[in-house]
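# Descriptive analysis of the structure
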Amino acid sequence: MALATGVACQYIQPAAIPQSSTTSTLPALPGQQTGVFTTARPTMAAAMDDFMNRRPVYEQPLDFPHNIHAGKGVECAFCHDGVDKGPAAGIPGLRTCMICHDAIATDRPRIQQMAALRDKGLDLAWQRVYGFSADDHVRFNHSPHIRAKVECATCHGNVAEGTVAERNVDHTMGFCVNCHNERKASIDCLTCHF
Amino acid sequence: MDRRSFIKLTAVSGTSAALASCGNPENQFIRFLPDEDIVPGVAVWKPSICPLCAAGCGLTVRVMDADAEVTRDGQAGIKRIAAAKKLEGAPAHPVNRGGLCARGHAAIQVTYHPDRITQPLKRSGDRGTGQYEAISWEDALAEVVSRLNGVDAANPRAVAFLSRVGAGHRSALIQQFAGHFGGSPISFELFGDDVLRRANAVSFGRDQLPTVDLANARFVLSFGADFLGTWNSPVAQSAAYGDMRRGRPGIRGSFAQVEARMSQTGASADEWVPARPGTEGVLALGLAHVIMAASLQPAAAAGRAGSMVAGWGAGLSDYTPQRVEELTGVPAARVDRLARQFAELRPAVAIAGGAALAHSNGLFTAMAVNALNALVGSVDQPGGLSFTPQFNTGSALKFSPAAQPATPLQMLAADALSGAAVPQVAFVDGVNPVFTTPRAWRVREALEKVPYIVSFGSFLDETSALADIILPDHSFLESWVEAVPESGVAAAVASVAAPVMRPLYATRATPDVLLEIGRGLQRPLGAAWQTFDEMLGASFATLPSTTPDVDAWTDAQTKGLWSGVLPAGLARQAQAVADGATYAFEAPRFDGDAKQFPFHFLPYPSVPFGDGSTAHLPWLQEMPDPLTSAMWSSWVEINPTTAANMGISDGDVLEVASGHGSVRAGAVISPGIAPDVIAMPMGQGHTMFTRYATGRGANPAEILAPVTEAATGALAWAATRVRVTRIGPPDGSLVLFAGGIREHLEQEHR
Amino acid sequence: MARWGMAADLDRCNGCGGCVVACHAENNISTVGPEQASRGRAKHWIRVERYWEGDFPDVKLKFRPTMCQQCGNAPCEPVCPTYASHHTEDGLNAQVYNRCIGTRYCANACPYNARFFDFFNPSWEKPLQLQLNPDVSLREVGVMEKCTFCVQRIRGTQTTAKTEGREIRDGEIQPACVQACSTRALVFGDLEDRESEVSRLSRSPRGSKLLEDVGTRPAVTYLARLTEEA
């Protein structure tokens, strides 16, 4: 039975590991919730970083205030405009900022800084804080999640009350699969990994 | 590349937003502001046209966001662009109807090729060495203009323009440009169809390749035409072929192929008929003889096409099945049976092309096949051949017709070498004659005599490396493209498409450059348009719109094409050629003594590379050849019995020598080739053509004899005799995807 | 639940190889170059096999486009120690790269030679990587890869159809090879739907499965090239 669930790509929480499972005989790895070891990492160090969920510190070009924008009633999808159109929400570039900020708050130093950047033909070099590494082989698509009325905050935390985006939620496979199980969404491997 | 840098590359290039990993060092890079708003991860589909052969298949291009590495004012950075991701056949395009061949799929690698020329270049080293230095567009164009201002206006051969064959707007502009200096563009295609065009002009008054209604044919007889692989409009013909076989309930069209070496098309035939090289016309007339002798059709049914063949009215008494067997090697009984099939399975159609017409008697062969078609009433009938009405771009643009016929390339070369007429300036657009012509023509040496050569090439190849200045064209995805198909579709079609993406580099569209040069001349070209798209707009505006309330130009841009009924003045006129001559079989002339050179040499267009112009695309290099599964290689095809007699095993290195040179490649022992024929695919053997093709394999054109078709002067590329010598055991240069030529003898699986 | 399958009409196929390059373009299959290709490391998820019959001059050649047959009883699946190769509910042989540890047992077990091993990390010389399809993973060194029936297109169309609140239309999902095929030799669809074209063709008297007798129950049906009957 355990073999069958493995085949169906069931993600097994430690507590839920049945005693008969072959995987249960393996000790759980640090930072990983099952004993199944996944090799697909470039180096051992990268694998360790991944399994221990160690992530680099992000330095963003601008201390973007999500809270001010959300507080003024700007919807997430207004700037992250890919989210209801396709797989990627998108990290808005300066062109998006300047749709409003050509007219709004033009006297603020930060906005003037942005305008100057644009005049030089440069964009904001945002760093992605969410997203899967190439080795994860995850083809995530926002649109079915939006259709299923998953709140942005479910996966991205309470960005609306923070300033610049930080990774508040860890997108482990357990995180995804639990929700898929709760909502009876497919947990076949080929739902996400191809 | 090691793993770490690969990961970095994929992260940096952001193959998708989702792919880019957390914490990748994006902040180490400068991001440039994109030129347009792009929704990430969402594909947009745009029409375009495949540029890799003359068929003009319609494309649908998938365009998505991608992060390109760019350099601006010396500053390296990342810029989000809307990038072409994949080429697919346009489902609504009447030529290819959603299909696309291997070459078409790989065309996208032209745009993203790592060895593309990214800006204008001026030669800094010796010709042919590929040493160039950067030059600005302004300086480059000024230099070209001053050279052109200096040419002798009274000499119609002072400017030579080497370009592709074509009936589109780009060709019309080149025609006009060359005509401005009193000349005509010189086009040479190794596997060109000049002989067939001439034959159609003589037989049917149409100087054009035929469109074959395969889908409605019951019996197809092809004389050497690789119509499913490389000849004419292969995707259109393949689509129709599928329908011929299985598109009609209860009817399965039959198909026989006459050729001495089994082509990809021959492999699909029900019956493969190897005839002696150069005798295909005899077989066609043999069939006509049987049909007339058995009173299946009267001689008069062939009309004009029949009357052009000597002895037609008398029932072709010289072409009895016995006589045909003597000449062609095809058994008399088989001639008789094929004739009856051809007359009785209606509609039946015969196609001539490829090697069958590449002999000194090629025109006769084509005329014989035309007469055979006419005899059974297969001209301009369903299931037969017809001629696509063709948009005359020259008249739409009110261009003056060509001042004089083009100088054949071999004459240009000979006159340049002898000093009789050396062009002062030569332009090269989209052709590589140094590679595709017989070494015996000495085109390279001739071009070296030309004091100033301008190339519009996107890559350094054997010809563009001789250029003094290179003005790189946009890729087809970056520019306005258009095509006026000569064949492959019943109704008149003119395709057009706007650029799919912004140019990656500091290149310029060649038609725009020609217009700009034309404006700068002391005696200006006098074109009414600033840019090529204005010119296209003017041309399409002359066509009747096919959608109510939308003008033809707007409509064509939306659909990617115009198709309909051409107004009288805008159709290419049928031109009857009446030379009063009749055509009879003359033994084909071969270069080389049969004792010293015992084999017929058959170079053939390769499925992935054609004449070699697409050998720089890595997908095509690694695509297994349909008949041999060879990749990244050249090879020599030889009959198993011949090979056994000569002690040749699979992969052995062979030398193939003609009276004009020799080439070496690994042996492929192939059951589908006559014992006295040696075949080699064209395409490899480039001495300079990007990192993927340079120094790989051998170029069979090098050893071709300069024999021409007697009536048209076209190169008879199948008229060379060779000898074969085993040099040694396999040297590893021949790479097969499957283990050997016979995958395994199939136990018929049902 | 759909069960995906393909039919290949060998009477239409003319061996042109359009499917081979279309597959490379769609699925980010890297080229390996001549040296590695000569060591048998070229990757072609779909290939056109050739079967010569007879000797000159009575020679016949038959083409057969061959890809992963997405077996119903797949020999590659039970041999995989990590369940990287497993069966999905809609009848696909999934290859989950994350799980693959590169034992290559599956490739040994596959009677169709449909599986290809990544001996190297793929490389695309810049800017060839701009062409890469973001809908398909890049496979790294040490994993097996093979035809997926263009699962990214299946999943994409399923998402679209669900968003639009409708069923998937027959013929709406076209793997890249099917879409490319000029002669319409390849047909893809749902075998559970008795009315679908693929299921109609799969029931054809000309139909058979490749190496049927080894009991793999392929999802691909080949329609024989028969000259005698229409």
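Residues numbered from 1 in each chain as written. Chains lettered and ligands numbered in written order. Predicted model: local features only at pLDDT ≥ 70, side-chain atom pairs only at ≥ 80, totals over all residues.

A count of helices and strands for chain C gives six helices and ten strands. By principal-axis analysis of the C-alpha atoms, chain C measures approximately 55 × 50 × 40 Å. For chain C, the proportion of contacts with a sequence separation of at least 24, taken over those separated by at least 6, is 60%. (Helix = DSSP H or I, 4+ residues; strand = E, 2+ residues; numbered from the N terminus. Contact = placed C-beta atoms within 7 Å.)

What follows concerns the overall build of chain A. When helices and strands are counted, chain A shows ten helices and zero strands. Secondary structure elements of chain A occur, N-terminal to C-terminal, as α-α-α-α-α-α-α-α-α-α. Buried residues in chain A amount to 23% of all 194 residues. Summarising the internal contacts of chain A: among those between residues at least 6 apart in sequence, 53% fall at separations of at least 24. (Buried ≥ 20, exposed ≤ 12 C-beta atoms within 10 Å, placed from the backbone.)

To continue, consider the pairing of strand 12 (residues 348–352) of chain B. Summarising burial for strand 12 of chain B: five of the five residues are buried, a large majority. Along strand 12 of chain B, one buried face is formed by B:A348, B:A350 and B:A352 and the opposite face, lined by B:V349 and B:I351, is buried too.

Opposite the 19 residues of chain A that make contact, chain C presents 21 residues. Elements supplying a minimum of two residues to the side of chain A that touches chain C: helix 1 (2–7), helix 7 (142–147) and helix 10 (189–192) of chain A. At three residues, the largest contribution of residues to the side of chain A that touches chain C is made by helix 7 of chain A. Within the side of chain A that touches chain C, the residues separate by chemical class into seven nonpolar, seven polar and five charged. (Nonpolar A, V, L, I, M, F, W, Y, C, P; charged D, E, K, R; others polar.)

All names here are of chain B. In terms of burial, strand 4 (residues 75–89) is a largely internal element, twelve of the 15 residues being buried. The pairing of strand 1 (residues 30–32) with strand 4 spans three bridges and is parallel. Along strand 4, the bridge assignment pairs F32 with K79. Looking at chain direction, strand 3 (residues 58–72) and strand 4 are connected through 14 bridges and run antiparallel. Directly across from A68, in strand 4, lies its bridge partner K79. Hairpin connection between strand 3 and strand 4: a loop of two residues separates the two successive antiparallel strands, and D73 in this loop has a positive phi of roughly 50°. (Pairing = 2+ DSSP bridges.)

Residue and element names in this part refer to chain C. Read across the open sheet, the four strands follow the order 8-1-10-9; overall the sheet is mixed. Edge positions in the open sheet fall to strand 8 (186–190) and strand 9 (207–208), since each of these has one partner strand only. In the sheet, strand 9 pairs with strand 10 (residues 220–223) via two bridges, with the strands oriented antiparallel. Along strand 10, the bridge assignment pairs G207 with L223.

This next bit is on the interface of chain C and chain B. Between chain C and chain B, the contact holds 59 residues from the first and 75 residues from the second. Of all the secondary structure elements, the ones that give two or more residues to the side of chain C that touches chain B are helix 1 (18–27), helix 2 (33–38), strand 2 (47–53), strand 3 (60–66) and helix 5 (176–180) of chain C. The residue inventory of the side of chain C that touches chain B, partitioned by class, reads 28 nonpolar, 18 polar and 13 charged.

The next thing to look at is helix 6 (residues 194–204) of chain B. All names here are of chain B. Of all eleven residues in helix 6, ten are buried, a share of seventy percent or more. Within helix 6, the full set of buried residues consists of D194, V195, L196, R197, R198, A199, N200, V202, S203 and F204. Taken together, the buried residues of helix 6 touch helix 10 (303–307), strand 12 and helix 13 (362–375).

Okay, the confidence of the model for chain C next. The share of residues in chain C with pLDDT of 70 or more is 98%, and the mean pLDDT across the chain is 94. This complex was scored by the predictor with a pTM of 0.92 and an ipTM of 0.97. (pLDDT = per-residue confidence, 0-100.)

Residues and elements named next belong to chain B. Within the sequence span of helix 15 (residues 409–418), burial applies to L409, Q410, L412, A413 and A416. In a view along the axis of helix 15, the buried residues occupy a sector of 160°, so they form one face of it. Elements that come into contact with the buried residues of helix 15 comprise strand 7 (159–163), helix 16 (433–436) and helix 17 (443–449). Among the residues trailing helix 15, G419 stands out with phi positive, at a value near 85°. (Arc of directions from axis to C-beta.)

Okay, the domain arrangement of chain A next. All names here are of chain A. According to the domain assignment, chain A contains domain 1 (11–52), domain 2 (63–91 + 126–194) and domain 3 (92–125). Taking only C-alpha atoms into account, the centre of domain 2 sits 25 Å from that of domain 3. Taken residue by residue, the interface counts five residues in domain 2 and four residues in domain 3. Looking at the side of domain 2 that touches domain 3 residue by residue, the classes come out as three nonpolar, two polar and no charged. (Domains from an automatic or database assignment.)

Quick look at the sheet that holds strand 9 (residues 219–223) of chain B now. Strand pairs in the sheet, formed through backbone hydrogen bonds, run parallel or antiparallel to each other. Residue and element names in this part refer to chain B. Sheet architecture is open: four strands sit in the order 11-10-9-12, paired in parallel fashion. A strand with exactly one partner marks an edge of an open sheet, and here the two such strands are strand 11 (271–273) and strand 12. Taken pair by pair, the neighbouring strands of this sheet meet at an average axis angle of 15°, ignoring direction. Two elements, strand 10 (residues 254–258) and strand 11, share three bridges in a ladder whose sense is parallel. Looking at the pairing, V258 lines up with V273 of strand 11. (Axes fitted to C-alpha atoms, helices over the stretch in contact; angles between N-to-C directions.)

With that settled, consider unusual backbone geometry. Cis geometry is adopted by the peptide bond preceding B:P347, which originates at B:R346 and carries an omega value of -5°. Tracing the sequence through the fold places B:P347 in the loop between helix 12 (332–344) and strand 12. Put simply, C:K126 and C:P127 share a cis peptide bond, and its omega is 0°. Relative to the helices and strands, C:P127 is located in the loop between strand 6 (115–117) and strand 7 (144–146). Even without glycine at this site, B:L316 takes up a positive phi of about 55°. Position of B:L316 among the secondary structure elements: in the loop between helix 10 and helix 11 (321–328). Overall, the presence of 25 C-beta atoms within 10 Å leaves B:L316 in the buried class. Positive phi outside glycine occurs at B:R442, with the angle close to 55°. Here B:R442 lies in the loop between helix 16 and helix 17.

It is worth spelling out the environment of C:R3 at this point. Residues and elements named next belong to chain C. Relative to the helices and strands, R3 is located in the segment before strand 1 (4–9). Residue classification places R3 among the partly exposed residues on the basis of 18 C-beta atoms within 10 Å. Along the backbone, R3 and G72 are 69 residues apart, and their C-alpha atoms lie at a distance of 9.9 Å. If near-sequence neighbours (up to four positions away) are discounted, R3 is found in contact with D90, G91, D190, L191 and E192.

Our next topic: the packing of helix 9 (residues 280–293) of chain B against helix 12 of chain B. All names here are of chain B. Two elements in contact, helix 9 and helix 12, have axes separated by 8 Å at closest approach and are oriented at 70°. Considering the angle they form, helix 9 stands roughly perpendicular to helix 12. Handedness of the helix 9/helix 12 crossing: right-handed. Each of L283, G286, L287, V290 and I291 in helix 9 lies in contact with helix 12, whose residues at this interface are V335, D336, L338, A339, F342 and A343. Tallied by class, the residues present in the contact of helix 9 with helix 12 amount to nine nonpolar, one polar and one charged. (Parallel < 35°, antiparallel > 145°, perpendicular 65-115°, else oblique. Left-handed = near helix turned anticlockwise from the far one by under 90°.)

Now for the confidence of the model for chain A. Residues and elements named next belong to chain A. Confidence in the prediction for chain A averages 78 pLDDT; 78% of positions are at 70 or higher. Per-element confidence in chain A is highest for helix 9 (residues 173–182), whose mean pLDDT is 94, and lowest for helix 1, whose mean pLDDT is 32. A low-confidence stretch, residues 1–38 stays under pLDDT 50, and its non-local contacts, those more than four residues away or across chains, total 53 contacts.

What follows covers the nonpolar core. Of all hydrophobic cores here, the largest spans 322 residues; its most connected members are B:L287, B:M367, B:A371 and B:I678. Setting aside anything within four residues of it in sequence, one finds B:I678 in contact with B:F599, B:F601, B:L602, B:V636, B:E637, B:I638, B:V656, B:V722 and B:V724. (Core = buried A, V, L, I, M, F, W, Y, C linked by C-beta atoms within 7 Å.)

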